[in-house]
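Fold and contact review
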Amino acid sequence: MRKPWIVGVLLAGVLLGACTDPASGPEVAPPTPSVPTTTRRPVPVAPVKSAPAVLYLGDSLAMESQNVLGRELRNTLDATYTSAPYSGTTPCDYLEGAKAGSLVPAADKAAALVRSLHPDYVVLQFWGNAWAYTPCMDGITYAADRETYFARYRADVRKLTAQIAAAGGAQRPTIVWVLQGPDPITPERVQAVNALYKAQARSTGDTVADAGKAVSPAGARYTWTQYLPCTAYERAHPDYCTQPGNGRTTLHRDDDYLHFCLAPTTSTPRPCPVRSPGILRMAREITRAIAARAPSRSGG
């Protein structure tokens, strides 16, 4: 097994199109932007899926996971699904009225998409990127000023929630904040970001999906690991149990401690092109969280 802290430092200048820890430097910019019965007795009816409409926004972790999450939502909940992630983003990039240079074009701002798509759920996945490259963060970084970083992040999360709520109007969508997985470089930062998401969800009646727990060791929520024991599903599907002889599966490549796609990162951000256990685990947890909130409906 490799030493993740050493590799993580060496990767700071290597990961292209990748969402990095705020202390480890900026990523390459995403490309410039240019889915009658005949009996008298009552007939019991079985509950059917509620078919929610889901919108998925976020950074490079959402970029690599978007196709898998869409598949899980459609297969499990018969959901309609739209995704518009942009690598390197923070919540402020999805705010309407943000300063020029935002990584998200106006048509894909959260409120704009809510007004046009009328989703039932808006899933937001942000690792917590913050560096001088992201214009809307005004150069605020976790490494330089932790207090200011969290104050700004908290304010932007509140603004984003308010804009989504206003855009939804009488049909306000439920926001699903995705809790992040462990970070070997600054584990306390991810824990604080997740606490911020939980507090925001509680204050507005929204919810969280603890996808990060699905890629953490049992009993060690914020301990980073490259491998985990294969689940029963992964053992039954060998493509997802990468080391069947050892009974464990790979979450991260040797050269990327952050992302869960087992294909190399590229300078052009893309959905993950290969089966990757970490992505599937997280997508299933997000789907489970939405299923727990989605009202069931009945039909004949």
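Structure first, text after, so check above.
Residues numbered from 1 in each chain as written. Predicted model: local features only at pLDDT ≥ 70, side-chain atom pairs only at ≥ 80, totals over all residues. Heavy atoms only, no water.

1. Some remarks on the overall build of the protein chain
Per the secondary structure count, the protein chain includes 7 helices and 9 strands. Looking at the protein chain as a whole, 53% of its 300 residues are labelled buried. (Helix = DSSP H or I, 4+ residues; strand = E, 2+ residues; numbered from the N terminus. Buried < 20%, exposed > 50% of the residue type's maximum accessible area, 1.4 Å probe, protein only.)

2. Overview of the packing of helix H3 (residues 110-117) against helix H4 (residues 146-168)
When two helices pack together, their arrangement is given by the angle between their axes and by how far apart the axes lie. As a packed pair, H3 and H4 sit with axes 8 Å apart at the nearest point and diverge in direction by 20°. Relative to H4, the element H3 lies roughly parallel. Read as a crossing pair, H3 and H4 show a hand that is right-handed. Contacts from Ala110, Ala111, Val114 and Arg115 in H3 reach Leu160, Gln163, Ile164, Ala167 and Gly168 in H4. Across the contact of H3 with H4, the residue classes break down as 6 nonpolar, 2 polar and 1 charged. (Axes fitted to C-alpha atoms, helices over the stretch in contact; angles between N-to-C directions. Parallel < 35°, antiparallel > 145°, perpendicular 65-115°, else oblique. Left-handed = near helix turned anticlockwise from the far one by under 90°. Contact = heavy atoms within 4.5 Å. Nonpolar A, V, L, I, M, F, W, Y, C, P; charged D, E, K, R; others polar.)

3. Focus on the pairing of strand S2 (residues 53-58)
Taken across its 6 residues, S2 has 6 buried, putting it largely inside the fold. In S2, alternate side chains face the same way, and those of Ala53, Leu55 and Leu57 on one face and Val54, Tyr56 and Gly58 on the other are all buried. Pairing of S2 with strand S3 (residues 80-83) involves 4 bridges; the strand directions are parallel. Bridging across to S3, Val54 finds its partner in Tyr81. In the classification by handedness, the crossover that spans S2, the intervening helix H2 (residues 60-77) and the parallel S3 is right-handed. Pairing of S2 with strand S4 (residues 121-125) involves 5 bridges; the strand directions are parallel. The residue of S4 that forms the bridge with Val54 is Tyr121. (Pairing = 2+ DSSP bridges. Right-handed = clockwise from strand over helix to strand, strands pointing away.)

4. Things to note about the sheet that holds S3
The strand order S3-S2-S4-S5-S6 describes an open sheet built from 5 strands, whose pairing is parallel. Each end of this open sheet is capped by a strand with a single partner; those strands are S3 and strand S6 (207-209). With direction set aside, neighbouring strand axes in the sheet form an average angle of 25°. Taken strand by strand, H3 contacts S2, S3 and S4, and its axis lies near 165° from that of S2.

5. A closer look at the state of the cysteines
For the structure shown, the criterion picks out 3 disulfides. Here Cys230 connects covalently by a disulfide to Cys241, the sulfurs 2.1 Å from one another. Between Cys230 and Cys241 the disulfide shows an S-S torsion of about 90°. By sign, it is right-handed. Note that Cys230 is positioned in the loop between strand S7 (227-229) and helix H6 (232-236) and Cys241 in the loop between H6 and strand S8 (248-250), a separation of 11 residues in sequence. (Disulfide = S-S within 2.5 Å.)

6. Brief notes about the nonpolar core
A general trend in soluble globular proteins is that nonpolar side chains are found buried together. Counting residues in each nonpolar core, the largest one holds 37 residues, and the members touching the most others are Val54, Leu69, Leu73, Val123, Phe260, Ile286 and Ile290. Among the nonpolar cores identified, the runner-up in size contains 33 residues, and Leu55, Leu124, Ile164 and Val193 belong to it. (Core = buried A, V, L, I, M, F, W, Y, C linked by side-chain atoms within 4.5 Å.)

7. Description of the environment of Ala79
Here Ala79 shows up in the loop between H2 and S3. Between the C-alpha atoms of Ala79 and Ala51, which are 28 residues apart in sequence, the distance is 4.5 Å. Look past the residues within four positions of Ala79 in its chain and what remains in contact with it is Ala51, Pro52, Val54, Leu73 and Arg74.

8. Examining the pattern of salt bridges
In the structure shown here, the tally under the stated rule is 13 salt bridges. A salt bridge links Arg172 to Asp206, with the shortest nitrogen-to-oxygen separation between them at 2.8 Å. Of this pair, Arg172 sits in the loop between H4 and strand S5 (174-178) while Asp206 sits in the loop between helix H5 (187-204) and S6, and the two are 34 residues apart along the sequence. Take Arg172: its relative accessible area is 29%, and that puts it in the partly exposed class. For Arg281, the salt bridge is made with Glu234, and the minimal N-O distance between the two is 2.8 Å. Residue Arg281 is located in helix H7 (residues 277-293), and its partner Glu234 is located in helix H6; the two are separated by 47 residues in the primary sequence. Owing to a relative accessible area of 14%, Arg281 belongs among the buried residues under this scheme. Residues joined by salt bridges that share partners form a network here, namely Arg71, Glu72 and Arg284. (Salt bridge = Lys/Arg side-chain N within 4 Å of Asp/Glu carboxyl O.)

9. A closer look at the side chain of Gln200
By secondary structure assignment, the location of Gln200 is in helix H5. Judged by its relative accessible area of 8%, Gln200 falls in the buried class. Not counting the four nearest positions on each side in its chain, Gln200 is found in contact with Val157, Arg158, Thr161 and Trp177.

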